[in-house]
Amino acid sequence: MLKVNVDKRILDICPQMKIGLIQADVVNGDTCDELWNELLKEADNIKNSYELLAINKRPAVAATRKVYKALGKDPGRYRVASEALCRRIIRGLGLYRLTTLIDVVNLVSIKSGYAISGLDFDKIEGDTLTLGVGEAGEVYNGIGRGALNIENMPVYRDAIGGVATPTSDEERTKFTPETTTVQININGYGPEMDMEETINLMVDLLKRYAQATNIQTSIVSNFD
């Protein structure tokens, strides 16, 4: 599996951070009805469980927002993806039906509250991901967002640049219909859903809907 390093500036804010790592060979495609119905069921659960202004109080979301604030980024302007999805659901705007891999990640994200990085493993350069802090003027193209200002935002970088933030993953390493191996990072800046349980849910969904094989998982913490 890829090695993961974390910048001291982030660990100083959340020393108990845990990252769940999953690598697997998969088959991507259009989201089937069974997966879509699971996603809609969880969306209904979110809508019935939270008021709009309470979403940012979810432990996993609040912990990620805390990191943004401590680094100098406005989490109200640059929302955590799991928070943004839940807000969309509660506002009655619905969800987009995308591809199997994207919708599996979205399902786990809204259920757990965690910011989840879903990356095409074969597009990652090098054998290490480093979670650091975005710099002024750093080039980063968020999926469907164009140029994204990631200054003072937590960002994973591979050997040539940024690949994921809690707000949006990067176009360069995004899932496509041709993706055959995934690298999924479940970013627990603070605890909500048990990390092992979250990994097991993700793996189960990948097996059922993306024909996942050669699955490797781990939980990394204690980054000293």
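Please refer to the structure higher up on the page.
Residues numbered from 1 in each chain as written. Predicted model: local features only at pLDDT ≥ 70, side-chain atom pairs only at ≥ 80, totals over all residues. Heavy atoms only, no water.

(A) Representation of the sheet that holds strand E9 (residues 181–188). Strand order in this open sheet of four strands is E3-E9-E2-E10, and the pairing throughout is antiparallel. Edge positions in the open sheet fall to strand E3 (115–120) and strand E10 (213–220), since each of these has one partner strand only. Here the average twist between neighbouring strands, direction ignored, is 15°. Here strand E2 (residues 18–25) pairs with E9 via eight bridges, running antiparallel. Along E9, the bridge assignment pairs Lys18 with Gly188. (Pairing = 2+ DSSP bridges. Helix = DSSP H or I, 4+ residues; strand = E, 2+ residues; numbered from the N terminus. Axes fitted to C-alpha atoms, helices over the stretch in contact; angles between N-to-C directions.)

(B) Spatial organisation of the packing of helix H5 (residues 100–112) against helix H6 (residues 195–210). Contact geometry of H5 with H6 gives a least axis separation of 10 Å together with a crossing angle of 155°. One way to sum up the angle between H5 and H6 is to call them roughly antiparallel. Here H5 and H6 pass one another in a crossing that is right-handed. Taken together, the residues of H6 that come into contact with H5 (itself represented by Thr100, Leu101, Val104, Val105, Leu107, Val108, Lys111 and Ser112) are Thr198, Leu201, Met202, Leu205, Leu206, Tyr209 and Ala210. Its residues placed into classes, the contact of H5 with H6 shows 11 nonpolar, three polar and one charged. (Parallel < 35°, antiparallel > 145°, perpendicular 65-115°, else oblique. Left-handed = near helix turned anticlockwise from the far one by under 90°. Contact = heavy atoms within 4.5 Å. Nonpolar A, V, L, I, M, F, W, Y, C, P; charged D, E, K, R; others polar.)

(C) Structural detail: unusual backbone geometry. The phi torsion at Gln211 lies on the positive side, around 55°, for a residue other than glycine. Looking at where Gln211 falls in the secondary structure, it is placed in the loop between H6 and E10.

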